[in-house]
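Structural overview
Chain residues, written in single-letter form:
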Amino acid sequence: GRPPGRRIGGASPRSARTSAALAVLCAATAAGFVFPPDVAQGQAAEASSHGAADQIGTTVAAFGRGQEITFDELHDLLIWRYGQAEEGRSALRELLELETLGKLAAERGVEVNPKELAERWKQLETDVRASGQAASLDEYLEKNRVDREKFREYLELAIVHERLAREALDIPADGPITGEQQTMWLQGVLAERGYEEQPHPWSAGVVARSADITITRDEMAEQLVVKLSDEVLNEACYQLLLEKCVLARMPDLSPEAVDEAVDAELARRRAEAEANPDYKGLDYESLLGAQGLTLEGVKRDPAIRVAALSHFWLQRAHPEEDMK
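Residues numbered from 1 in each chain as written. Predicted model: local features only at pLDDT ≥ 70, side-chain atom pairs only at ≥ 80, totals over all residues. Heavy atoms only, no water.

1. Quick word on the sheet that holds strand β4 (residues 206-210)
Across the sheet, 3 strands lie side by side as β3-β4-β5; this open sheet has antiparallel pairing. Edge positions in the sheet fall to β3 (196-197) and β5 (213-216), since each of these pairs with one other strand and no more. As defined by bridge partners, β3 adjoins β4 across 2 bridges and the pair is classed as antiparallel. Looking at the pairing, Glu-196 lines up with Arg-209 of β4. This element, helix α10 (residues 217-227), spans β4 and β5 of the sheet and lies at about 65 degrees to β5. (Pairing = 2+ DSSP bridges. Helix = DSSP H or I, 4+ residues; strand = E, 2+ residues; numbered from the N terminus. Contact = heavy atoms within 4.5 Å. Axes fitted to C-alpha atoms, helices over the stretch in contact; angles between N-to-C directions.)

2. What about the pattern of salt bridges?
By the definition in use, this model includes 23 salt bridges. Taking the shortest distance from any N to any O, the salt bridge between Lys-103 and Asp-212 comes out at 3.8 Å. Remark: Asp-212 occurs in the loop between β4 and β5 and Lys-103 occurs in helix α5 (residues 86-108); sequence separation between them is 109 residues. Here Asp-212 falls in the partly exposed class, since its relative accessible area comes to 46%. (Salt bridge = Lys/Arg side-chain N within 4 Å of Asp/Glu carboxyl O. Buried < 20%, exposed > 50% of the residue type's maximum accessible area, 1.4 Å probe, protein only.)

3. Observations regarding the packing of helix α4 (residues 71-82) against helix α11 (residues 230-249)
What describes two packed helices is the angle between their axes and the distance between those same axes. As a packed pair, α4 and α11 sit with axes 11 Å apart at the nearest point and diverge in direction by 115 degrees. As judged from the angle between their axes, α4 and α11 are roughly perpendicular. Crossing hand, α4 versus α11: right-handed. Residues Glu-73, Leu-74, Leu-77, Leu-78, Arg-81 and Tyr-82 of α4 pack against Val-232, Leu-233, Ala-236, Cys-237, Gln-239, Leu-240 and Lys-244 of α11. Residue composition of the contact of α4 with α11, grouped by class: 9 nonpolar, 1 polar and 3 charged. (Parallel < 35°, antiparallel > 145°, perpendicular 65-115°, else oblique. Left-handed = near helix turned anticlockwise from the far one by under 90°. Nonpolar A, V, L, I, M, F, W, Y, C, P; charged D, E, K, R; others polar.)

4. Comments concerning helix α9 (residues 179-193)
Over its 15 residues, α9 runs 21 Å from end to end, which matches the ideal 21 Å to within 8%, given 1.5 Å per residue. Taken as a whole, α9 has its buried residues at Gln-182, Trp-185, Leu-186, Val-189, Leu-190 and Arg-193. In a view along the axis of α9, the buried residues occupy a sector of 140 degrees, so they form one face of it. Exposed and oriented more than 90 degrees from the buried face of α9 are Glu-180, Met-184, Ala-191 and Glu-192. (Expected span 1.5 Å × (residues − 1). Arc of directions from axis to C-beta.)

5. What to know about the packing of α5 against α10
The interhelical angle for the contact between α5 and α10, taken along N-to-C directions, is 110 degrees, at an axis separation of 9 Å. As the angle between them shows, α5 and α10 are arranged roughly perpendicular. The way α5 lies across α10 gives a crossing that is right-handed. Here Glu-87, Gly-88, Ser-90, Ala-91, Leu-92, Glu-94, Leu-95 and Glu-99 of α5 come into contact with α10, specifically with Glu-219, Met-220, Gln-223, Leu-224 and Lys-227. When its residues are assigned to classes, the contact of α5 with α10 shows 5 nonpolar, 3 polar and 5 charged.

6. Focus on the pairing of strand β1 (residues 60-64)
Burial analysis of β1 places 5 of its 5 residues in the buried class, which makes it a mostly covered element. As judged from the 4 bridges shared by β1 and strand β2 (residues 67-70), these two strands associate in the antiparallel manner. The residue of β2 that forms the bridge with Val-60 is Thr-70. Hairpin connection between β1 and β2: a loop of 2 residues separates the two successive antiparallel strands, and Arg-65 in this loop has a positive phi of roughly 50 degrees.

Distances and angles like these do not, on their own, reveal function.
Written out as structure tokens, the structure is:
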């Protein structure tokens, strides 16, 4: 298994202003995900018997076949797999922009009154009905699993963003302003405030700092859960569960033996990449770097480890003569 569109450690890399804003806000506030169907349906009763089902949404991200994946485990995988990739860069930018807008609003005394918020909400609801996607904004949010209060919070920040950009660009309240103008203004503000990013994988707990804003590793991981699709998150949980299930079949396996199996798997993938004429002249580490991956991160990735351990288990369980 592997995340759709990405082969981990392999050879292959991978105005309707109001309507656009609605899509962005929904993407920024969606959270949670469903389980892989074969795990959720086949093992729900087993998991419920030892209380895992009651923990979903707090500490347990997924469960199946007597194994559990915590959010800490999922978050760590996402940081290694996507932290330096396009998804991670985008998540970091969004976090930085949201925090900056909140700080600027507080510093400059910008407040959004309930009437203005209600008008913007009504405008978005009209767009939703016109699109035919839902009968109301509440229904639309529910379908997309977006928390209503979090959506209101982000909608308020969107209004703050527009108001601050108008003021800085000297655009009157009734004058047109584009999303591009707002983006360019905010980028200028971020450049003025300065920016410093810490080395990945942010083991000290800090991802980046800008003026008096600090983005933590935990915030980054939670934002990745928000940004990534259900399909990708399901696949990540499923691979983590698979690794635990395979290891459970070989309780006597030493950490050194696991490392050797992983190294053998990476050697196979390295050879495959080097034999591919499309990547002639590029070493394996460079190919990983192009995907925002590192050799250390790939060694830790369950997609690699499951493949490695599966090979190892087959070789140990079935002699060469049996395989023939």
